[in-house]
Every structure is written in structure tokens, then in C-alpha cells.
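One letter stands for each residue in the lines below.
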Amino acid sequence: AIGGTVAEPKVVSAAEPLLLNAVRGEDVERPPVWLMRQAGRYMKSYQIICEKYPSFRQRSENVDLVVEISLQPWKVFRPDGVILFSDILTPLSGMNIPFDIVKGKGPVIFNPLCTATDVDQVREFVPADSVPYVGEALTILRKEVDNEAAVLGFVGAPFTLASYVVEGGSSKHFTKIKRLAFSQPKVLHALLQKFATSMAKYVQYQADNGAQAVQIFDSWATELSPVDFEEFSLPYLKQIVDIVKQTHPNLPLILYASGSGGLLERLPLTGVDVVSLDWTVDMAEGRRRLGTDVAVQGNVDPGVLFGSKEFITSRINDTVRKAGKGKHILNLGHGIVVGTPEENVAHFFEVAKGIRY
Ligand code: CP3
């Protein structure tokens, strides 16, 4: 500037994040890329934080820690999506369902729900009162990341949340929730309804505070046969989408269900913008079965990250070729596994970001 009196304008990236362009079907030069569970135990920097703050709830319910952990993969790998560090169970305490996430054991619900009276005691979720740190963290993330990547929020789907709170934690055969579904369906429906309304509000809250796209995790919906999925999961997913689209018509919603091969054609019926595929579905076949309206995310096997660099490269290329140009977010088919070499994750991002259609 002449005479040094005029400040250089701060360079702000005016363009929208690549991930949003890709989801909308705009002309993009490569698929955006991020990884489910990209913040977490495979990173040394996360393990160091865990030593200092051993409780998962502490790490995930404190603004500074949430921001720091969410940004750990961003600083090293520069993904196109930065997902909030949190958990699908985080809203539960605000709904009067006490829980913890115990090292080596996973989620624990202290008083699993099983009767109509238990369900009556579940409170509607008011995000700003119960999880203000989520809104604050998203706002900070949005500022930190600017438009170089999309800030991603997420929620658990009603059936998946219900499976945790009825089973009391992770489950192998899902007998308790199926007993409820198949002997007292009204009780389960009442619970699913509370989760649907609450999670719709939570999506809106996240979007209002900086999330630019929100993923709905229905990890266990595929434990249901298709006819039961249509009764106990699909209508509630659709409700969430409908409620959110009324207030946030342009907010991309991503749906993930693991092992969804048998349900694929039904997933776009929820109204989501993106379906996230796991690796048990061939990407080209998945694309064909999903139709052209919906964008697709995925679907590299997380186990590939334990392979050689050449193998990782070839699987990325294969997946991108099969997905075809546009409307594709490159990702894994499920979360990164503990023990994944960080250098392989770095290689994954480097190759992915070097791709040109
Ligand atoms: O993607 C990200 O980096 C964001 C963070 C994230 C976590 N959980 C952090 C977490 C996300 C998106 C989730 C979602 C989640 N949580 C899902 C849906 C995704 C999926 O895997 O299907 C589910 C089912 C849960 C419930 C849950 N929370 C489980 C089954 C576990 C694993 C328990 C264990 O001990 O391995 C958790 C704990 C959890 N949530 C961890 C992380 C990084 C691991 C524990 C830790 O880091 O201390």
C-alpha cells in the first residue's frame, strides 16, 4: 500500500467449501474428502489429550477441548470437512438419560429404558440449555476453518439412539429393543418420536451455530429387516429431514447406516441429500441403485488404511472412478479404526486431494 498507510485487505476465501459445491452437483475438479472418526484414538495428539483428560465426557463437553480435538486432523491433513468432536449420545443427559462412555467398554446407559413409564420420563431436548458447548464450539470452528473446509455437525438417528438406551449400551443381537418393537411397538414408537423431534431441533441448532452440513448416523438401522426398517426407522428419519428442511432448505443432510446394502433404494426416500455407503456395496452399483438425485459418500474399507501405500492409492482411484464425476464425497465406509497408522491417513488425504476428474 502507498506510504504504508492502507492495510492490506485480509484474504478471505469467498468461495464456498468444495464439499458444499459437490453435494449440490456443481462442477468440481475433484471429490471433497473427509474421514468418519477423523478425530480420535489413532492420533498420537489425541492420545496425549486422553492422558490428561481421561473421561470421554469431559473431552467432549468442554468447548476448548472440543475445538482443539476437532482441529487436530484439520491441522495435519487439511480434510474438506471438519467434523465436530462429540458423540451421538451427547444429548442424552439433557434428555434425562444418564450415560457414560467407558474406556474399553463403550457406551453405558445407567438405567436402560424398557417401560412406557420410562419413556414418559424422557425429556424433550433443548440444545441451547443442555449442550451450549456444542454451539460455542461450532461457532469457533466455523471461524477457524473459514471457507477452506465445511464444518460438519452430526446427530444419532432415532432408532440407533433407541437401541443404545434400551439395550443399555452396545449390543450384539439387539434382543431388548426387538422385544420392545415386536411386543410393545407403541412404547418404542413413543420413544422414537421423542428422539425424532429432539434430533430435528439439534440439527437446526447445529446449523444455526455454524455447521454447514449435518450427518445423521443410523448405524444400527440395518439390524432391522426392511419391513421393520420401514416401520421403526424410515418415518422418523423422514420427519427429521422434513422439519429441518422447513427452516434450513439448503442445509445438506447426509445419512449413514452401516451394512445398508439391503436397504439402499429406501434410503433416498428419507429426503436426505447424501447417502453414505459402507464398503460392502460396490460404489458403481450403489450409485446405480441410489439414482441420480442423491449424492453419495464413501466408501473405502477402513481396513484399507492398514495396507500398503500403493494399495491405498489404487483403492482411492477405484472408488473415485466408480462414483463418477460430481456428487461424491470421498470417505471411508465407516469410522477410522484404532491403530490405523497416521502416515497412511496422511497418504490417503494427499492422494485424494491430488485427484482431478
Ligand atoms: O468423526 C469424528 O471424528 C467425530 C467424532 C465421533 C465420535 N462418535 C467420537 C467418539 C462421531 C461422529 C461419533 C458417532 C458415534 N458414536 C456413532 C455413529 C458412528 C458409528 O460408528 O457407527 C456411534 C454408534 C457412537 C457410539 C459410540 N461412541 C461407540 C460405539 C463408541 C466406541 C466405544 C469404544 O470404546 O471404542 C463411542 C466412543 C467414541 N466416540 C470414541 C470416539 C473418538 C472412542 C472413545 C475415545 O476416544 O475415548
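These numbers were taken from a predicted model, which means no experiment stands behind them.

Peer 1: Please set out the overall build of the protein residue by residue, giving values where relevant.
Peer 2: Helix and strand counts for the protein stand at 15 helices and nine strands. Judged by the C-alpha coordinates and their principal axes, the protein covers about 75 × 45 × 40 Å. The buried share among the 357 residues of the protein stands at 46%. Relative to all contacts within the protein whose residues are 6 or more apart in sequence, the contacts with residues 24 or more apart total 72%.

Peer 1: Describe the nonpolar core, and please don't skip the residues or the numbers.
Peer 2: The biggest cluster of nonpolar side chains holds 111 residues, and the ones touching the most others in it are L84, A162, A213, V214, I216, I240 and L255. Take this core: its biggest share by element is 12 residues, from helix 10 (residues 185–208). When residues no more than four places from it in sequence are discounted, the contact partners of I216 are V155, A157, L237, I240, L253, I254 and L255.

Peer 1: So what's going on with the sheet that holds strand 9 (residues 328–332)? Which residues, and what values?
Peer 2: Strand order in the open sheet formed by seven strands is 1-4-5-6-7-8-9, with parallel pairing between adjacent strands. Where the open sheet ends on each side, the last strands, each with one partner, are strand 1 (81–83) and strand 9. Direction aside, neighbouring strands of the sheet carry axes that sit 25° apart on average. Where strand 8 (residues 295–300) and strand 9 come together, five bridges link them in parallel fashion. Each residue of the ladder has a partner; that of V300, found in strand 9, is L332.

Peer 1: An account of the pairing of strand 6 (residues 253–256) is needed here, citing residue identities and associated values.
Peer 2: Of the two faces of strand 6, both are covered, the one formed by L253 and L255 as well as the one formed by I254 and Y256. Direction of pairing for strand 5 (residues 213–217) relative to strand 6: parallel, over a ladder of four bridges. Within strand 6, the position partnered with Q215 by the bridge is I254. Strand direction decides the pairing type here: strand 6 and strand 7 (residues 274–276), joined by three bridges, are parallel.

Peer 1: Residue-level account of the pairing of strand 9, with values.
Peer 2: Two faces make up the sheet, and in a regular strand the side chains alternate between them. Of all five residues making up strand 9, five are buried, and the element is well covered by its neighbours. Alternating residues of strand 9 divide into H328, L330 and L332 and I329 and N331, and every residue in both groups is buried. Regarding the hand of the β-α-β motif, the stretch spanning strand 8, helix 14 (residues 309–323) and strand 9 is right-handed.

Peer 1: So what's going on with the site of the ligand? Which residues, and what values?
Peer 2: Not every one of the 21 residues close to the ligand is listed here, only the nearest: A39, G40, G106, F217 and S219. Tallied by class, the residues present in the shell around the ligand amount to 11 nonpolar, seven polar and three charged.

Peer 1: Go over helix 14, please, and point to the residues and values.
Peer 2: The end-to-end C-alpha distance of helix 14 is 21 Å, a good match for the 21 Å that 15 residues give at a rise of 1.5 Å each. When we look at burial in helix 14, the residues that qualify are I312, I316, T319, V320 and A323. Buried residues along helix 14 cover an arc of 95° about the axis, so they all sit on one side. For helix 14, the elements touching its buried residues are helix 13 (283–290), strand 8, strand 9 and helix 15 (342–354). Phi turns positive one or two residues past the end of helix 14, at G324, with a value near 80°.

Peer 1: So what about the UniProt feature "domain: Uroporphyrinogen decarboxylase (URO-D)" (unreviewed entry) in the protein? Which residues, and what values?
Peer 2: Per the UniProt record, "domain: Uroporphyrinogen decarboxylase (URO-D)" (unreviewed entry) is found at residues 32–41 and 152–168. A helix fraction of 59% and a strand fraction of 29% characterise residues 152–168, whose end C-alpha atoms lie 28 Å from each other.

Peer 1: So, the confidence of the model for the protein: which residues are in play, and what are the values?
Peer 2: In this model, the protein carries an average pLDDT of 95, and 96% of its residues clear a pLDDT of 70 or more. Model confidence for the complex: the whole-complex pTM is 0.95, and ipTM, which rates the interface, is 0.93.

Peer 1: Tell me about the packing of helix 14 against helix 15, and please be specific about residues and values.
Peer 2: One way to put it is that helix 14 packs onto helix 15 with a least axis distance of 10 Å and a crossing angle of 40°. As far as their axial angle goes, helix 15 and helix 14 are oblique. Note that helix 14 runs across helix 15; the crossing there is right-handed. Only N344, H347, F348, V351 and A352 of helix 15 make contact with helix 14, whose side of the interface consists of K309, I312, T313 and I316.

Peer 1: Outline unusual backbone geometry, supporting the account with residue identities and numerical values.
Peer 2: Of the consecutive residues G298 and N299, the connecting peptide bond is found in the cis state with omega at -5°. Positive phi values are uncommon outside glycine, yet R78 reaches one of about 50°. For R78, a count of 15 C-beta atoms within 10 Å translates into the label partly exposed. In this structure, N96 is a non-glycine residue whose phi angle is positive, near 70°.

Peer 1: Before we move on, can you summarise helix 8 (residues 158–167) with the specific residues and values?
Peer 2: With 10 of 10 residues buried, helix 8 lies mostly within the body of the structure. Listed in full, the buried residues belonging to helix 8 are P158, F159, T160, L161, A162, S163, Y164, V165, V166 and E167. The positive-phi residue at the C-terminal boundary of helix 8 is G168, with phi of around 90°.

Criteria and thresholds
Residues numbered from 1 in each chain as written. Predicted model: local features only at pLDDT ≥ 70, side-chain atom pairs only at ≥ 80, totals over all residues. Helix = DSSP H or I, 4+ residues; strand = E, 2+ residues; numbered from the N terminus. Buried ≥ 20, exposed ≤ 12 C-beta atoms within 10 Å, placed from the backbone. Contact = placed C-beta atoms within 7 Å. Core = buried A, V, L, I, M, F, W, Y, C linked by C-beta atoms within 7 Å. Pairing = 2+ DSSP bridges. Axes fitted to C-alpha atoms, helices over the stretch in contact; angles between N-to-C directions. Right-handed = clockwise from strand over helix to strand, strands pointing away. Near = placed C-beta within 6 Å. Nonpolar A, V, L, I, M, F, W, Y, C, P; charged D, E, K, R; others polar. Expected span 1.5 Å × (residues − 1). Arc of directions from axis to C-beta. UniProt positions renumbered as here; feature names shortened; annotations may be inferred. pLDDT = per-residue confidence, 0-100. Parallel < 35°, antiparallel > 145°, perpendicular 65-115°, else oblique. Left-handed = near helix turned anticlockwise from the far one by under 90°.

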